[in-house]
Amino acid sequence: MKTRIFFSILLTTVFTLLVASGAVIAMLYGQFSADMQHELMTEARYVAGAVNNGVRSLADIGRNAPHRLTLIAADGRVLYDNSANASEMASHSERPEVRAALETGEGESSRLSDTLRLRTFYAAVRLQNGDVVRLASMTRGPLGLLASSVPGIVCVLILAIIAALYVARRLTRALMEPVNAINLDDPLSNDTYDELSPLLLRLDHQNRRIAEQLNELTAKQRELDCITSQMAEGLIVIGGGKNILFANRSARALFDALDSQEQRTLHFMEVCRAAPWLEAVEGAFAGQKVETRLTQRGRVYQLTASPAGEREGKTSAVILFFVDITEREQAESLRREFAANVSHELKTPLTSIMGYAELMERGLARPEDMQGFAGRIRSEAARLLELIRDVITLSQLDEQDLRNRFTEVDLRELCNRVLDELAAKAAQYQVTLHCDGPSRVVSGLKETLHELLFNLCDNAIVYNRPGGQVTVTVGGSEQAPVLTVADTGVGIPPEHQPRIFERFYRVDASRARADSGGAPGTGGGSGLGLAIVKHAARLHGASIELESHVGKGTTLRVIWPEPPVKDRSEPAESAVPAAEASC
Ligand code: ADP
């Protein structure tokens, strides 16, 4: 715009200058011609007067005359000419100035010649004898005049253009200054050209509309952020350029690139390179709904990618949804592992039983071995039974909500009962049993707590040494009792300690528990005992503490927590999470 204004002013100025100069030249030339004609006529009159009165002869005047002097007879013949041979000149009777002089006494005219470069002025006066005296003066024509003034004109033009440039620049700057100074943020505050007022009003109106729409958009964005940030599931929206348009808090926490994204547009490939991610996004852009699994940051996610929005027959956006299925996957794999373990554990005693039974059936067993075989069959069957019982107990603890069947259970009474039940086994393993501590009543399932204590004491006897001791102590406070089972047995190596509560985990898997006379310290079971203890403790809200030293013994504590102190001053509503409250 600035350049346009500048050139407009410049061109207008130059054009005006040229037109004005042309007009002035034309006017001056006209005036000059009139003066010339007038002077020539005056001179012709003087010459005619002098010749009429016989003061001077025409030849005498013609010799020194500054102009061409011609004497023409009434019939048009040239009688005298001071610049040419009169006898060779053609008749002048048809010349306008001569004809006018012959008719009226005086005549004048002017003619352009030499391709308009020269102009000749004529003034003719009739003498008393009827002849006509004519004066002629030659001067440059308008074009000739123009041509002769070219250098001067060029100089003037250059000066004029320089002046026009300067003026155009100054004017442009002066014109643009108020326009450049316009405050677009607050158009109505500007003091500028009146002609700009409608534009500024419109600008102000549009500014206000944009501000309103921006506010609306920001509010909607905040609303969306607020809703999606509360989602545990990850949500990502990918736009047409395959760039990330939106990622909620859970999704951002999943990928480093999104977490550190600062106003930068990210291509989906910059976020993750895992095959399921790439396949899901590409598949959804190809118009399919893709469901796959993605492992990210050690957790497993079910990833659902769906096409959303179409432009020109192509998917323009894709929505990705991440659901954390780690626990579900783990539970599933635990279930599979458990089923495999149970089948394996069932198979071992059954194979044994089958083997002995087959020997007996075919009569291959000697009579004196029969009793031993029957004993083995019985102990294997007992092992089977124990395993099945443990599996049932575990599945009950896993799947049923048993809390509604809780009653008051005295731990001390339970302790006495368990030790009574295990007295024979303790004698067999040459282990002494002790019970200590006051009565402590807890809310719980009597049979489950019995199972818990029985398993702990059973292990303390089985993994003991001859002459060893098992001490069961009921302690802790009334609100938070502690049940301790300590033995002086083989102990558990430190590397096994974190795993002994897992299902089917045994420190030495080659050891099989032999209820019917296994040597002390060498017994082994199904590997479910401590898993049941863990579940039973969890059901009662108690935790387990293990302390064990190889060759010295093991102490296991079941600890009930202190009941929470209720703060009545706090209203229940204050438990609303902070993030939720801020929405
Ligand atoms: P199991 O039926 O084999 O006894 P548990 O789940 O009861 O299975 O115990 C898991 C493993 O922990 C056992 O195989 C045993 O090696 C070890 N263990 C448990 N209790 C004791 C203990 N009191 N002393 C030494 N080792 C123990």
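Residues numbered from 1 in each chain as written. Predicted model: local features only at pLDDT ≥ 70, side-chain atom pairs only at ≥ 80, totals over all residues. Heavy atoms only, no water.

## Section: the sheet that holds strand β10 (residues 314-324)
Here comes step 1: The five strands are arranged β7-β6-β10-β9-β8 in an open sheet whose pairing can be described as antiparallel. Edge positions in the sheet fall to β7 (244-247) and β8 (290-296), since each has one partner strand and no second. Taking each pair of neighbouring strands and ignoring which way they run, the sheet shows an average axis angle of 25°.
Here comes step 2: Note: strand β6 (residues 234-238) against β7, three bridges, orientation antiparallel. Pairing of Ile238 across the sheet is with Ile244, part of β7. (Pairing = 2+ DSSP bridges. Helix = DSSP H or I, 4+ residues; strand = E, 2+ residues; numbered from the N terminus. Axes fitted to C-alpha atoms, helices over the stretch in contact; angles between N-to-C directions.)

## What about the site of the ligand?
Here comes step 1: What surrounds the ligand is a group of 20 residues, the closest being Asn459, Tyr463, Asp487, Gly527 and Leu530.
Here comes step 2: For the ligand, an oxygen atom lies 3.3 Å from a polar atom in the backbone of Gly529.
Here comes step 3: Leu530 places a polar main-chain atom, nitrogen or oxygen, 2.8 Å from an oxygen atom of the ligand.
Here comes step 4: Elements supplying a minimum of two residues to the shell around the ligand: α14 (446-462) and α15 (529-539).
Here comes step 5: Grouping the amino acids of the shell around the ligand by side-chain chemistry returns nine nonpolar, seven polar and four charged. (Near = heavy atom within 4 Å. Polar contact = N/O pair within 3.5 Å; in protein donor to acceptor, adjacent residues only side chain to side chain. Nonpolar A, V, L, I, M, F, W, Y, C, P; charged D, E, K, R; others polar.)

## Points about the side chain of Asp204
Here comes step 1: Residue placement: Asp204 occurs in helix α6 (residues 197-229).
Here comes step 2: For Asp204, a relative accessible area of 10% gives the class buried.
Here comes step 3: Side chain to side chain, Asp204 and Arg208 meet in a polar contact 2.5 Å long.
Here comes step 4: Setting aside its immediate chain neighbours within four residues, Asp204 contacts Pro187 and Leu188. (Buried < 20%, exposed > 50% of the residue type's maximum accessible area, 1.4 Å probe, protein only. Contact = heavy atoms within 4.5 Å.)

## Observations concerning empty space enclosed by the protein
Here comes step 1: Tallied over the entire structure, the rule returns one cavity of 30 Å³ or more.
Here comes step 2: As a volume, the largest cavity reaches approximately 30 Å³.
Here comes step 3: In terms of lining, the largest cavity is formed by Glu345, Pro349, Arg383, Leu387 and Ser526.
Here comes step 4: Residue classes in the lining of the largest cavity are distributed as two nonpolar, one polar and two charged. (1 Å grid on protein atoms, 1.4 Å probe; cavity = no way out; pocket = protein on both sides within 12 Å on 5 of 7 lines; lining within 4 Å. Points joined across faces, edges and corners; volume = space filled by probe spheres on them.)

## Some points on the environment of Gly525
Here comes step 1: The topology assignment puts Gly525 in the loop between β15 (481-487) and α15.
Here comes step 2: For the pair formed by Gly525 and Arg383, sequence separation is 142 residues and the distance between their alpha carbons is 8.1 Å.

## Some points on the nonpolar core
Here comes step 1: Of all hydrophobic cores here, the largest spans 49 residues; its most connected members are Leu453, Val472 and Leu483.
Here comes step 2: Element by element, the count of residues in this core is highest for α14, at eight residues.
Here comes step 3: Two domains each donate at least three residues to this core, and these are domain 3 (327-398) and domain 4 (403-559).
Here comes step 4: With residues near it in sequence (within four places) discarded, Leu453 still touches Leu414, Cys415, Val418, Val472, Leu483 and Val485.
Here comes step 5: Membership of the second largest hydrophobic core comes to 25 residues, among which are Trp277, Val281, Tyr301 and Leu320. (Core = buried A, V, L, I, M, F, W, Y, C linked by side-chain atoms within 4.5 Å. Domains from an automatic or database assignment.)

## Some points on the pattern of salt bridges
Here comes step 1: Taken as a whole and assessed by the stated rule, the structure comprises 28 salt bridges.
Here comes step 2: Where Arg63 meets Asp60, a salt bridge forms, and the shortest distance between an N and an O atom there is 3.5 Å. Of this pair, Arg63 and Asp60 both sit in helix α2 (residues 58-64), three residues apart, roughly one helical turn.
Here comes step 3: Its relative accessible area of 62% is what places Arg63 among the exposed residues.
Here comes step 4: For Asp60, a relative accessible area of 25% puts it in the partly exposed group.
Here comes step 5: For Arg506, the salt bridge identified is with Glu345, shortest N-O distance 2.8 Å. Here Arg506, found in the loop between β15 and α15, pairs with Glu345, found in helix α11 (residues 326-361); they are 161 residues apart in sequence, far enough to count as distant. For the pair Arg506 and Glu345, a shared accessibility class is recorded, and that class is buried.
Here comes step 6: Beyond isolated ion pairs, a larger network of salt bridges with shared partners links Glu97, Arg111 and Arg134. (Salt bridge = Lys/Arg side-chain N within 4 Å of Asp/Glu carboxyl O.)

## Some words on the side chain of Ser316
Here comes step 1: When you line up the elements, Ser316 lands in strand β10.
Here comes step 2: Judged by its relative accessible area of 15%, Ser316 falls in the buried class.
Here comes step 3: With near-sequence residues (within four places) excluded, Ser316 lies in contact with Ile238, Gly239, Gly240, Phe285, Ala308, Gly309, Glu310 and Arg311.

## Quick word on a nonpolar patch on the surface
Here comes step 1: A surface patch of nonpolar side chains, about 330 Å² in accessible area, is lined by Val150, Val154, Ile158 and Ile162.
Here comes step 2: Tracing the backbone through its elements, the reader meets Ile162 in helix α5 (residues 150-180). (Patch = residues over 30% accessible without salt bridge, like charges linked within 9 Å, V, L, I, M, F, W, Y side chains within 5 Å. Areas by Shrake-Rupley, 256 points an atom, 1.4 Å probe, with all protein chains shown as cover.)

## Description of α5
Residues lying three or four places apart along an α-helix face the same way, a consequence of the helix completing one turn every 3.6 residues.
Here comes step 1: Given a rise of 1.5 Å per residue, 31 residues ought to cover 45 Å, and the 43 Å separating the end C-alpha atoms of α5 matches this to within 8%.
Here comes step 2: Of all the positions in α5, only Ala160, Ala164, Ala168, Thr172 and Met176 are classed as buried.
Here comes step 3: If you follow the buried residues of α5, they end up packed against α1 (2-52). (Expected span 1.5 Å × (residues − 1).)

## Structural notes on the domain arrangement of the protein chain
Here comes step 1: Each assigned domain of the protein chain is listed with its residue range as follows: domain 1 (2-148), domain 2 (231-324), domain 3 (327-398) and domain 4 (403-559).
Here comes step 2: Averaged C-alpha coordinates put domain 1 and domain 3 at centres separated by 148 Å.

## Re the packing of aromatic side chains
Here comes step 1: Scanning the entire structure with this criterion turns up eight aromatic pairs.
Here comes step 2: Measuring from ring centre to ring centre gives 5.2 Å for Phe255 and Trp277, while their planes differ by 50°; the resulting arrangement is tilted. Linking Phe255 in the loop between α7 (249-254) and α8 (256-259) with Trp277 in helix α10 (residues 275-285), this pair joins segments that are 22 residues apart in sequence.
Here comes step 3: Look at Trp277 and you get buried, because its relative accessible area is 0%.
Here comes step 4: Note on Phe338 and Phe504: the rings are 5.5 Å apart at their centroids and 45° apart in plane angle, and the pair reads as tilted. Placement of the pair is Phe338 in helix α11 and Phe504 in the loop between β15 and α15, with a sequence separation of 166 residues. Each of the two residues, Phe338 as well as Phe504, counts as buried.
Here comes step 5: Taking NZ or CZ as reference, Lys242 lies 5.2 Å from the ring centre of Phe285, over its face.
Here comes step 6: It is Arg503 that lies over the ring of Phe338; its NZ or CZ is 5.0 Å from the centre. (Phe/Tyr/Trp six-rings, centres within 6.5 Å; stacked < 30°, edge-to-face > 60°. Lys NZ or Arg CZ within 6 Å of the ring centre and 35° of its normal.)

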